[in-house]
Amino acid sequence: MASSSSRGEMEKMGIDQLKALKEQADLEVNLLQDSLNNIRTATVRLDAAAAALNDLSLRPQGKKMLVPLTASLYVPGTLDEADKVLVDIGTGYFIEKTMDDGKDYCQRKINLLKSNFDQLFEVAAKKKSVADEAGMVLQAKVKQLTAATTS
Amino acid sequence: MSSSTVRDLQRDLENKANDLGKIQKDIGKNHQLRKKYTIQLGENELVLKELDLLEEDANVYKLIGPVLVKQDLAEANANVRKRIEYISAELKRLDAILQDMEEKQNNKRETIMKLQQRLQTIQAGKAKA
């Protein structure tokens, strides 16, 4: 639709049309914002996974540790081997990877998310400026109209 | 004479408006389904990419309920490929349906506009008389 309409085009639109455009743009901005938030939480989770892997790879074999069963219940255990990890790659598939491959996986995913985030951020910023502009033009028009009817 | 035609027109208009609402609801449902499938397609594609990166002898497990079951890499690969194929076909089908519905929606809108115009002209004529 008229997603890339410039200010000049907006000036020509009627108030109803502008309102519709503004609503549409606002909706899209919200959607994009949600997506950005989702990407952010996913990145945080992957960062935590990468940190955990790093931590694990630093521990020697046979190291005693407390394993969380729930958030408040820990049982003692020893580290058996830390060079093989299982990675959840989605849709129920898990892959056995070496420690280095696992770290590499996390890093790759984080990079992918980062590039997606940057792309999406640009789109969102553009949409936001369209929405803001539509709002401004709309306000100006309403003001003009009320001034014309009262005078 | 005109009062009965006006009533008929109004009833017709109401029916058409209901139809339009139904179509719009269906379009909304279609959008939601498409969103779901698109997300699944993306996830499956990521999995396939990851599977393609693996060595031949890598261990692959599938989560079935609460247990991890070991699976052949080739089998897993074929499975994901099949799923992607299915989802793509489903998306294409939804696209076709959506186009059809949008066409219907536009037609309905036009007929409604025409009905409204007719009603208005009749009422305007009445007001004059």
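Source: prediction; values computed, not measured. (Residues numbered from 1 in each chain as written. Chains lettered and ligands numbered in written order. Predicted model: local features only at pLDDT ≥ 70, side-chain atom pairs only at ≥ 80, totals over all residues. Heavy atoms only, no water.)

### Structural notes on the overall build of chain B
Line of reasoning, step 1. When you go through chain B residue by residue, the secondary structure sums to two helices and two strands.
Line of reasoning, step 2. Reading the secondary structure of chain B in the N-to-C direction produces α-β-β-α.
Line of reasoning, step 3. A compact globule built from 129 residues would reach a C-alpha radius of gyration of about 14 Å, whereas chain B, at 27 Å, exceeds it by more than 25%.
Line of reasoning, step 4. Projecting the C-alpha coordinates of chain B onto the three principal axes gives extents of approximately 90 × 25 × 15 Å.
Line of reasoning, step 5. Residue burial in chain B is summarised as follows: out of 129 residues, 27% are buried.
Line of reasoning, step 6. Sequence separation of at least 24 residues holds for 78% of the intrachain contacts in chain B that already meet a minimum separation of 6.
Line of reasoning, step 7. A total accessible area of about 9,300 Å² is found for chain B, and carbon and sulfur atoms account for 52% of it.
Line of reasoning, step 8. Across chain B, the 24 positively charged side chains and the 21 negatively charged ones have centroids separated by 13 Å. (Helix = DSSP H or I, 4+ residues; strand = E, 2+ residues; numbered from the N terminus. Rg over C-alpha atoms; globule rule 2.2 N^0.38 Å. Buried < 20%, exposed > 50% of the residue type's maximum accessible area, 1.4 Å probe, protein only. Contact = heavy atoms within 4.5 Å. Areas by Shrake-Rupley, 256 points an atom, 1.4 Å probe, with all protein chains shown as cover. Lys, Arg positive; Asp, Glu negative; His and termini not counted. Charge placed at Lys NZ, Arg CZ, Asp CG, Glu CD.)

### As for the side chain of B:Gln71
Line of reasoning, step 1. Secondary-structure assignment places B:Gln71 in strand β2 (residues 67–71).
Line of reasoning, step 2. What makes B:Gln71 buried here is its relative accessible area of 16%.
Line of reasoning, step 3. Apart from the residues lying within four places of it in its own chain, the contact partners of B:Gln71 are A:Tyr93, B:Val60, B:Tyr61, B:Lys62, B:Ala76 and B:Asn79.

### Things to note about the packing of helix α2 (residues 15–58) of chain A against helix α3 (residues 99–150) of chain A
Residues and elements named next belong to chain A.
Line of reasoning, step 1. Where α2 contacts α3, the two axes come as close as 7 Å, and the packing angle between them is 160 degrees. By the angle between their directions, the pair α2 and α3 is classed as roughly antiparallel. Our pair here, α2 against α3, has a crossing hand that is left-handed. (Axes fitted to C-alpha atoms, helices over the stretch in contact; angles between N-to-C directions. Parallel < 35°, antiparallel > 145°, perpendicular 65-115°, else oblique. Left-handed = near helix turned anticlockwise from the far one by under 90°.)

### A closer look at the interface of chain A and chain B
Line of reasoning, step 1. Facing the 14 residues of chain A at the interface are 19 residues of chain B.
Line of reasoning, step 2. Summed over both sides, the interface between chain A and chain B buries roughly 1,500 Å², with carbon and sulfur atoms accounting for 60% of that surface.
Line of reasoning, step 3. Interface area lost by chain A to chain B is led by A:Thr91, A:Tyr93 and A:Phe94, which between them contribute 43%.
Line of reasoning, step 4. Counting the contacts that link chain A with chain B gives three salt bridges.
Line of reasoning, step 5. Across the pair B:Glu50 and A:Lys109 runs a salt bridge, and its minimum N-O distance is 3.8 Å. (Buried area = accessible area lost by both parts, 1.4 Å probe. Salt bridge = Lys/Arg side-chain N within 4 Å of Asp/Glu carboxyl O.)

### Digging into the sheet that holds strand β3 (residues 84–90) of chain A
Line of reasoning, step 1. Read across the sheet, four strands follow the order β3(A)-β4(A)-β1(B)-β2(B) without closing on themselves; strand pairing throughout is antiparallel. The open sheet has two edge strands with one neighbour each: β3 of chain A together with β2 of chain B. Taken over all neighbouring pairs, the strand axes of this sheet differ in orientation by 35 degrees on average, direction set aside.
Line of reasoning, step 2. For strand β4 (residues 93–98) of chain A and strand β1 (residues 60–64) of chain B, the ladder comprises three bridges, and the chain directions are antiparallel. Bridge pairing in β1(B) places A:Tyr93 opposite B:Lys62.
Line of reasoning, step 3. Relative to the sheet, α3(A) contacts β3 and β4 of chain A, its axis offset from that of β4(A) by approximately 120 degrees. (Pairing = 2+ DSSP bridges.)

### Some thoughts on a nonpolar patch on the surface
All names here are of chain A.
Line of reasoning, step 1. A cluster of nonpolar side chains, namely Val 67, Leu 69, Leu 73 and Val 75, defines an oily patch on the protein surface of about 320 Å² accessible area.
Line of reasoning, step 2. The residue Val 67 is located in strand β1 (residues 64–68) in this model.
Line of reasoning, step 3. Given the relative accessible area of 35%, Val 67 is considered partly exposed. (Patch = residues over 30% accessible without salt bridge, like charges linked within 9 Å, V, L, I, M, F, W, Y side chains within 5 Å.)

### Focus: the confidence of the model for chain A
Line of reasoning, step 1. The predicted model of chain A averages 90 in pLDDT, with 96% of residues at 70 or higher.
Line of reasoning, step 2. Confidence, expressed as mean pLDDT per element, reaches its minimum in chain A at helix α1 (residues 7–12) of chain A with 81 and its maximum at strand β2 (residues 74–78) of chain A with 94. (pLDDT = per-residue confidence, 0-100.)

### Comments concerning the packing of aromatic side chains
Line of reasoning, step 1. This structure, assessed with the given rule, holds one aromatic pair over all chains.
Line of reasoning, step 2. Between A:Phe117 and A:Phe121 the ring centres are 6.1 Å apart and the planes differ by 20 degrees, which places this aromatic pair in the stacked class. Separated by four residues within a single helix, A:Phe117 and A:Phe121 lie in helix α3, roughly one turn from each other.
Line of reasoning, step 3. Between B:Lys36 and the ring centre of B:Tyr37, over which it is positioned, the NZ or CZ distance is 5.8 Å.
Line of reasoning, step 4. Taking NZ or CZ as reference, B:Lys62 lies 4.8 Å from the ring centre of A:Tyr93, over its face. (Phe/Tyr/Trp six-rings, centres within 6.5 Å; stacked < 30°, edge-to-face > 60°. Lys NZ or Arg CZ within 6 Å of the ring centre and 35° of its normal.)

### What about unusual backbone geometry?
Line of reasoning, step 1. In the Ramachandran plot, A:Thr91 falls in the positive-phi region, its phi being about 50 degrees despite a non-glycine side chain.
Line of reasoning, step 2. With respect to the helices and strands, the residue A:Thr91 is situated in the loop between β3 and β4.

### Some words on the layout of surface pockets
Line of reasoning, step 1. Approximately 1,400 Å³ is the volume attributed to the largest pocket.
Line of reasoning, step 2. Considering every element that reaches the lining of the largest pocket, the biggest residue donor is α2(A), with twelve residues.
Line of reasoning, step 3. Taken as a whole, the second largest pocket encloses approximately 280 Å³ of empty space.
Line of reasoning, step 4. Lining the second largest pocket are 14 residues, with A:Glu96, A:Lys97, A:Asp101, B:Leu54 and B:Glu55 sitting closest to its centre.
Line of reasoning, step 5. For the lining of the second largest pocket, the residue count by class is three nonpolar, two polar and nine charged. (1 Å grid on protein atoms, 1.4 Å probe; cavity = no way out; pocket = protein on both sides within 12 Å on 5 of 7 lines; lining within 4 Å. Points joined across faces, edges and corners; volume = space filled by probe spheres on them. Nonpolar A, V, L, I, M, F, W, Y, C, P; charged D, E, K, R; others polar.)

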